[in-house]
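# Notes for the structure review
The chain contents come next:
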Amino acid sequence: MNAFLIATALVALAEMGDKTQLLAFLLAARFRKPVPIVAGIFVATIVNHAFAGAVGMWLTQLIGAEAMRWILGLSFIAMAAWILVPDTMDNEEGEKEHRFGVFGATTIAFFLAEMGDKTQIATVALGARYAADFVWVICGTTLGMMLANVPAVYLGNHFAQKLPLKLIHGICAAIFAAIGVFVLVGSTGII
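Just so we're clear, the structure is a prediction, and the values are computed from it rather than from any experiment.

### Description of the packing of helix 3 (residues 34-62) against helix 6 (residues 118-129)
For the pair helix 3 and helix 6, interaxial distance at closest approach is 7 Å and the crossing angle is 40°. When the axes of helix 3 and helix 6 are compared, the pair comes out oblique. Between helix 3 and helix 6 lies a crossing whose hand is right-handed. Contacts from Asn48, His49, Phe51, Ala52, Gly53, Val55, Gly56, Met57, Leu59 and Thr60 in helix 3 reach Thr119, Gln120, Thr123, Val124, Gly127 and Ala128 in helix 6.

Here it is, written out as structure tokens:
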């Protein structure tokens, strides 16, 4: 359950102002059909994060425990720095919506936008850290994505402009940095 709660919180915070959240705003404004958009986000997230979590588990088995501790610790600290860099989004998926419908366009766009994204990399790290709790990590990261993106779909840009994104990014970066430090010093308590 610890893996679930940490994964949910980290991904929900990391997703604030992320390019996939911007994509949710864009899709909501373009299609004005929230149910297939939310369903597409859910499917794309499950598939993408299951793959990322599996990569994290595989890395845990491939690399020794001490090397993995250093890789994870430094990865979380790097994520903290990366979160402080605001995301922008370019419209690469604009032509797909007519061919695949709202659900298909959302699923494809979200899956591609999430490739190599902060939350996918965080899912790899969480999958490696909590390899025994793989399912809980995927459930948590998926819930975190949904907590950040469903309101974006339903409330649109008006909601985004009201959020203190710099503060949210700062808090999230501090959490990732703290986790990185805890992993590096070998603390197994809360993390």
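### A short note on the nonpolar core
In terms of nonpolar packing, the biggest core is built from 20 residues, with Ile37, Ile41, Phe110 and Val153 touching the most fellow members. Residue assignment for this core shows that the elements contributing at least two residues are helix 2 (19-31), helix 3, helix 5 (96-114) and helix 7 (134-162). When residues in this core are grouped by element, the largest group, six residues, is from helix 2. Sequence-distant contacts of Val153, that is, excluding residues within four places in its chain, are made with Ala24, Ala28, Pro34, Ile37, Val38 and Ile41. Grouped together as the second largest cluster of nonpolar side chains are 19 residues, Ala14, Phe76, Ala122 and Val137 included.

### Thoughts on the packing of aromatic side chains
Applying the stated criterion across every chain, the model contains one aromatic pair. One Lys or Arg, Arg129, reaches over the ring of Tyr130 and ends 5.1 Å from the middle of that ring.

### Here we look at the confidence of the model for the protein
Per-residue pLDDT for the protein has a mean of 79; in total, 80% of the residues score no lower than 70. The model gives residues 89-97 a pLDDT under 50, and that stretch makes 16 contacts with residues more than four places away or in other chains.

Here is what the cut-offs are and how they apply
Residues numbered from 1 in each chain as written. Predicted model: local features only at pLDDT ≥ 70, side-chain atom pairs only at ≥ 80, totals over all residues. Heavy atoms only, no water. Axes fitted to C-alpha atoms, helices over the stretch in contact; angles between N-to-C directions. Helix = DSSP H or I, 4+ residues; strand = E, 2+ residues; numbered from the N terminus. Parallel < 35°, antiparallel > 145°, perpendicular 65-115°, else oblique. Left-handed = near helix turned anticlockwise from the far one by under 90°. Contact = heavy atoms within 4.5 Å. Core = buried A, V, L, I, M, F, W, Y, C linked by side-chain atoms within 4.5 Å. Buried < 20%, exposed > 50% of the residue type's maximum accessible area, 1.4 Å probe, protein only. Phe/Tyr/Trp six-rings, centres within 6.5 Å; stacked < 30°, edge-to-face > 60°. Lys NZ or Arg CZ within 6 Å of the ring centre and 35° of its normal. pLDDT = per-residue confidence, 0-100.

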